[in-house]
Amino acid sequence: MIRTYLSLLLLGISFLLSAQKYTISGYITDIENGEKLIGANVYNASTLQGTTTNNYGFYSLTFPKGKVLFTVSFVGYATYQVEVDLNANKNISVELKPTIEIQEVVVEGRKTEGGVESSQMGLIEIPMKTISNLPVLFGEADIIKAIQLLPGVQSGSEGMSGMYVRGGGPDQNLILLDGVPVYNVNHLFGFFSVFNSDAIQNVKLIKGGFPAQYGGRLSSVLDISMKEGNAKKFQGSGAVGIIAARLTLEGPIGENTSYIVSGRRTYVDVLMYPFELLYAKELGYKTMRTGYFFHDVNAKVNHKFSDRSRLYFSTYLGKDKFYMNEAYQSDYDGNNYKSKAGFWWGNITSALRWNYAISDQLFSNTTATFSRYRLSTGMENYTNGSKDMALEYYSGILDWGGKVDFDYYPNPNHTIKFGFGETYHTYSPGALAFSYDIDDGTSEKGTFGNANLHTHELGLYAEDDFRIGSLVKVNAGLRWSAFKVRDKFYNGLEPRVSARFLITEKWSAKGSYALMYQYINLLATAKIGLPTDLWVPATDILTPQKAQQYSLGSVYEINADFEFSTEGFYKTMENLVEYKEGAGIFSLQYDWESNVALGKGWSYGLEFLLMKKLGNLTGWVGYTISKSDRLFNREGQEISRGQKFPFTYDRRHDVSIVISYKLNKNIDMGATWVFGTGNATTLGYEFYPAYNPDNNHYGYYSEITNYESRNNFRMPAYHRLDIGFNFHKEKKWGTRTWSFSVYNAYNRKNPFFINWESDPYTGEKKLYQYSLFPIMPSLSYQFEF
Amino acid sequence: MKTSVKYFSLFCLIILSSISCKKEITYTLPTTERKIVVNSFFSTERLMRVDVYSSSFVTDKNGTNFYLNNATVSVYGNGSLVEVLPNIADGTYQSSVSSPQQGVNYTLEVVVPNMGTATSSVPLLYPVPVLGFDSVGVVTDEWNQKSIKTHIKIKDNPDEENYYHLTLWKYSYNYSYDEMENPILDSIPYTSYLYVTSNDPVFEAGTDGILFFSDVLINGKEYDLEVLINEYEFDNHTSCILAVLEHISRDYYRYSVALPKHFDAEDLNMFMEAVIVQNNIENGVGIFGTSSQSTDTLYNYNFENPIQEIK
């Protein structure tokens, strides 16, 4: 099967290589700031043959000699059209002009790569403008929370930035920032994502029908591209909100270089500092500081060596920190004592990328990547300035990687991508380092816990997006992935195919199949995503996760404004990893591998999406009906007595309505309403005494809770309305915007956690739900110059 | 400063309003039928005993009595009735004469009027002998604590699933002080349970010093179990240390390793998933476990023979 598949693929490629035509290639950018435009349609309006720009704004089209009605279109931009007499290879780079009033956009001819036309399934792109217009919590626009509003994506618990795509776990999402994996996307336990929307240019989510260029995760790819910086003029923007402020500066350096730097920080700890000083003084302390903050910085610089060659360097640094520091002089012995305790976690990612157009038809992208996620918690004690004791628990993951990708455009009917990459991972799955002074003047140092693990992950892929006649378009590819850990070598072939059949000009049917391997696992202790969750690799004991996903769907373009799509999916997952019942981060003294259970999962569902893309009123209505189960029944690794149980984020019904409305030039508003079946949780209501033999050493006389199964209870349904208004005003120096948002506008008490509690007077037990956020108004001031 | 105070006040207001959202949920019990609870552990070292209760619901008032004293508790061995156990105390049914026997498949049948019949069957296995118990060295841990490393040699029975519970006991003499002027008058022997540790991978993780293990890693093999005993246990009051190896039934093993985790998870239910405890009672809940045991002794060379009187 695989051999036949490969032969066909190679045959197709060699056939294409024999064609001899002329090529038009170049970049499509924004005329105002020089930002690349990803996914812009570039086509011959006479024949409707065309392509879309790649992630770097590059396109290449090869046609027979003759007249070409060369057309470039992109939502939100005026269409560019010119007649080209094609008698030689040409380089045409186009700068598109944004339209102020979106409704004025007239798309001439038919788009070549709309939802109807594309062979890709499960792909959704949300314009950053839409994300910025959505009402937000604490005034901070959040990409992940916007993604959660799409069908097939569950949000997890109230307010969290977790993503659960088509019944998959949070570790099954490949989240890429400029092509570099980001391992922890949460600030403040998930109430905010680490992505600063001011620095982001493009967001693309793939839920199924994965192209072969992506690999390493089972459930989704979230590909986020950072802005490149305004290449035309110096520009700045910023915002001051209730808990955080941010500032972005960008501009050109000379003719061929541009940069962007964007920073964000919370300042609750700074505001509290004067009060802490007063409190410390009252207690007689020299200093006493307790607080929390997060900050992140995105920076990118790019340089154009020539029309064919560009270099990019982008980096992200983010950190969350809780801290507790105090210092005092003892009245008893006169010594100065100081203690510092803290808990921090953060990511660093960097990418150095070189784009080179080897020929008019062959585009290459060579990338070196670095990604680190680290969690650390610890304390230090000092006496008279010398350290007495230090204790640190840390865990994390560090990656060095390199990859080379090629885009080959032999003719308008074929887009071929191929490449390879390697990542060297270093896992630190939890260790405790300590040092302390002993009374005799000596000191002890040491580390115990889990040793670092080093692994290699390789990927090699080829895919072709091609047409068969005028009705069928197919994206077929093959990925080979491999993983080396200790002395174990895993590898596997991952066939991917996605196809569309054009039923009418505005209606297409689609189908896809994808096989994915995943060599990395997230061990989560808590019901909510905590930074203490451990990233661990597949090992000789833990075989790699594997998923197969089948999708069928249809896209119908109702008119230029509206598009309706539906997709059904069925996904099987093997070798899913969870902590064994009762194990977790608290079992530090044991090897993590002995605490882990392997199981299976299934999910299936139907997704419906009605989108309005153009006009003053834009947005979407999404609905998902789905089911997701888990089974852990291996001997000694049983969860829920080895019986099938619902996945924690199994949600039968999920509805989202997202509206963005431009009232006039100065005011726009956004509203979202979400409804979801209550999260599954485990609830016991029956008890019985534990066995207590007379040689029992536990000393238990307690009652056991008789749980029917894991996740046997559904919390009340979740629903919430958020509304936001933006008031813009042109000033001499630029534009200012006051943004007013109301989160949970009708004050729905959505369940976050449920618990039995006894009435202190009667002893009667009642079931209570705890909610996190009641109605939450917020205000932020934004500026742009 | 004024702005800062305003901001701080607003933030506090938001935080306060956020954490105070608590609401009662109307909850109807899925069932009102209580289950028969049967807890029993058959060992060759003790008389047959079965504890019988009814399960309780979260809606029950505190102090409610759930003992079942009107049950008929029958014990069958290899299908034949061994004894109908008399009720001797609150919910406790115990034989006054019969101890369980090795190699017998026992069935408990508990009939409770208006609640039905709960049953469970478990074989009482033959003991697996301890082939040796020796000290092999001294180890120092990260915290500079010294422990005596010991090996307990066993031979697992091949081609069958086996489950074990290892406990260590200390035989000591304690000196009784009567008066300050006449300090040592007598020595009193006593036995105490030893809290030990082990890094041996065969032991079930997460049971903190309670050494349960299965034969997954040692099936059919002769194996030295590695156990660390704190050096202070080998003081001059300790005469010997006894290793007791219980060959236990599968369900009891699973129940025992789940129990401490279950209670941990109940305490940390905000952060941990619930742990479901093994149940092998048909038409009821609880555990029916069996054990047969073998022992070996490690003598302490530091031990000073107890002296009745010291001048």
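Scoring rules and cut-offs
Residues numbered from 1 in each chain as written. Chains lettered and ligands numbered in written order. Predicted model: local features only at pLDDT ≥ 70, side-chain atom pairs only at ≥ 80, totals over all residues. Heavy atoms only, no water. Helix = DSSP H or I, 4+ residues; strand = E, 2+ residues; numbered from the N terminus. Buried < 20%, exposed > 50% of the residue type's maximum accessible area, 1.4 Å probe, protein only. Contact = heavy atoms within 4.5 Å. Areas by Shrake-Rupley, 256 points an atom, 1.4 Å probe, with all protein chains shown as cover. Expected span 1.5 Å × (residues − 1). Bend = angle between axes of the 7 residues up to and from the residue. pLDDT = per-residue confidence, 0-100. Pairing = 2+ DSSP bridges. Phe/Tyr/Trp six-rings, centres within 6.5 Å; stacked < 30°, edge-to-face > 60°. Lys NZ or Arg CZ within 6 Å of the ring centre and 35° of its normal. Salt bridge = Lys/Arg side-chain N within 4 Å of Asp/Glu carboxyl O. Core = buried A, V, L, I, M, F, W, Y, C linked by side-chain atoms within 4.5 Å.

Peer 1: Account for the overall build of chain B, with residues named and values stated.
Peer 2: Secondary structure assignment for chain B yields two helices and 18 strands. The buried share of chain B, reckoned over its 311 residues, is 47%. Within chain B, contacts between residues separated by at least 24 positions form 66% of all contacts whose residues are at least 6 apart in sequence. Surface summary for chain B: the accessible area is close to 15,400 Å², and the carbon and sulfur share equals 50%.

Peer 1: Residues and numbers for unusual backbone geometry, please.
Peer 2: Of note in this structure, Asn575(A) is not a glycine but carries a positive phi near 60 degrees. Tracing the sequence through the fold places Asn575(A) in strand β35 (residues 562-579). In the Ramachandran plot, Asn78(B) falls in the positive-phi region, its phi being about 50 degrees despite a non-glycine side chain. Following the sequence through the fold, Asn78(B) ends up in the loop between β5 (72-77) and β6 (80-85).

Peer 1: Residues and numbers for helix α2 (residues 250-267) of chain B, please.
Peer 2: Here α2(B) is 18 residues long and its end C-alpha atoms lie 27 Å apart, about the 26 Å a rise of 1.5 Å per residue gives. The sharpest bend along α2(B) measures roughly 30 degrees and falls at Leu259(B), with the proline Pro260(B) sitting one to four residues further on.

Peer 1: Any details on the confidence of the model for chain A? Residues and values, ideally.
Peer 2: The predicted structure's coordinates, where accompanied by low pLDDT, should not be read in detail. Residue and element names in this part refer to chain A. Per-residue confidence for chain A averages 86 on the pLDDT scale, and 90% of its residues sit at or above 70. In this model residues 101-112 is a low-confidence stretch, pLDDT under 50, and it forms 29 contacts with partners more than four residues away in sequence or in other chains. The low-confidence segment residues 695-700, where pLDDT is below 50, has 16 contacts with residues more than four positions distant or belonging to other chains.

Peer 1: Break down the confidence of the model for chain B for me, with residues and values.
Peer 2: This prediction gives chain B a mean pLDDT of 83; 84% of its residues lie at or above 70. Of the regions scoring below 50 in pLDDT, residues 1-9 of chain B engages in 10 contacts with residues more than four places distant in sequence or in other chains.

Peer 1: Would you mind going over the environment of Gly236(A) in detail, with residue names and values included?
Peer 2: Residues and elements named next belong to chain A. You can see glycine 236 is positioned in strand β18 (residues 235-240). Relative accessible area serves as the criterion here: at 2%, glycine 236 is assigned to the buried category. When the C-alpha positions of glycine 236 and isoleucine 260 are compared, they lie 9.4 Å apart, and in sequence the two are 24 residues distant. In this view, glycine 236 contacts Thr248, Leu249, Phe783, Glu784 and Phe785; residues no more than four positions away in its chain are not counted.

Peer 1: Outline the sheet that holds strand β42 (residues 686-689) of chain A, supporting the account with residue identities and numerical values.
Peer 2: Each strand in a sheet pairs with another by means of backbone hydrogen bonds, the pair being arranged parallel or else antiparallel. Strand order in the open sheet formed by three strands is β43(A)-β42(A)-β4(B), and the pairing between neighbours is antiparallel. Each end of this open sheet is capped by a strand with a single partner; those strands are β43 (703-705) of chain A together with β4 (56-57) of chain B. Relative to β4(B), β42(A) is paired through two bridges, and the arrangement is antiparallel. Bridging across to β4(B), Glu686(A) finds its partner in Phe57(B).

Peer 1: Give a detailed account of the pairing of strand β40 (residues 667-676) of chain A, specifying residues and quantitative values.
Peer 2: Residues and elements named next belong to chain A. In terms of burial, β40 is a largely internal element, seven of the 10 residues being buried. Where strand β39 (residues 653-662) lies against β40, nine bridges are found, and the strand directions are antiparallel. Residue pairing in the sheet places serine 656 in a bridge with valine 674 of β40. As paired strands, β40 and strand β45 (residues 718-730) are joined by 10 bridges and run antiparallel to one another.

Peer 1: Can you lay out helix α4 (residues 268-283) of chain A for me, pointing to particular residues and giving the numbers?
Peer 2: Residue and element names in this part refer to chain A. Given a rise of 1.5 Å per residue, 16 residues ought to cover 22 Å, and the 22 Å separating the end C-alpha atoms of α4 matches this to within 8%. Listed in full, the buried residues belonging to α4 are Val268, Asp269, Leu271, Glu276 and Ala280. One or two positions beyond α4, positive phi appears at glycine 284, with a value near 85 degrees.

Peer 1: Please provide a residue-by-residue account of the packing of aromatic side chains, values included.
Peer 2: Residue and element names in this part refer to chain A. This model, assessed by the stated rule, comprises 53 aromatic pairs over all chains. The interplanar angle of 25 degrees and the centroid separation of 3.8 Å between the aromatic rings of tyrosine 164 and tyrosine 649 together place this pair among those described as stacked. In this pair, tyrosine 164 sits in strand β11 (residues 164-165) while tyrosine 649 sits in the loop between β38 (645-646) and β39, placing the two residues 485 residues apart along the sequence. Across the pair, exposure class does not vary: tyrosine 164 and tyrosine 649 are buried alike. Relative to phenylalanine 645, the ring of phenylalanine 632 has its centre 6.3 Å away and its plane inclined at 25 degrees; by these criteria the two rings are stacked. Of the two residues, phenylalanine 632 is situated in the loop between β37 (617-631) and β38 and phenylalanine 645 in strand β38; the sequence distance between them amounts to 13 residues. Comparing phenylalanine 632 with phenylalanine 645 shows no difference in burial state: the two are buried. Cluster of aromatic residues (ring-pair linked, three or more members): Tyr27, Tyr56, Phe58, Tyr312, Phe363 and Tyr409. Sitting above the plane of the tyrosine 27 ring, arginine 310 keeps its charged end 4.0 Å from the centroid.

Peer 1: Just give me the short version of the pattern of salt bridges, but keep the residues and values in it.
Peer 2: In the structure shown here, the tally under the stated rule is 41 salt bridges over all chains. A salt bridge links Arg265(A) to Asp269(A); the shortest N-O distance between them is 3.1 Å. Relative accessible area serves as the criterion here: at 30%, Arg265(A) is assigned to the partly exposed category. Judged by relative accessible area, Asp269(A) falls into the buried class, the value being 4%. We note a salt bridge from Lys387(A) to Glu380(A), for which the minimum N-O separation is 3.7 Å. Judged by relative accessible area, Lys387(A) falls into the partly exposed class, the value being 38%. The network of salt bridges with common partners includes Glu635(A), Glu638(A), Glu161(B), Arg250(B), Asp251(B) and Arg254(B).

Peer 1: Tell me what's going on with the nonpolar core, and back it up with residues and numbers.
Peer 2: Residue and element names in this part refer to chain A. Grouped together as the largest cluster of nonpolar side chains are 50 residues, with contacts concentrated most on Ile143, Ile147, Phe195, Val203 and Leu222. The set of elements that each furnish at least two residues to this core consists of α2 (128-133), α3 (143-147), β12 (173-177), β16 (200-206), β17 (220-226), β21 (287-304) and β36 (596-612). At four residues, the largest contribution of residues to this core is made by α3. With near-sequence residues (within four places) excluded, isoleucine 143 lies in contact with Met128, Ile131, Ser193, Phe195, Ser197, Ile200, Val203 and Ile224.

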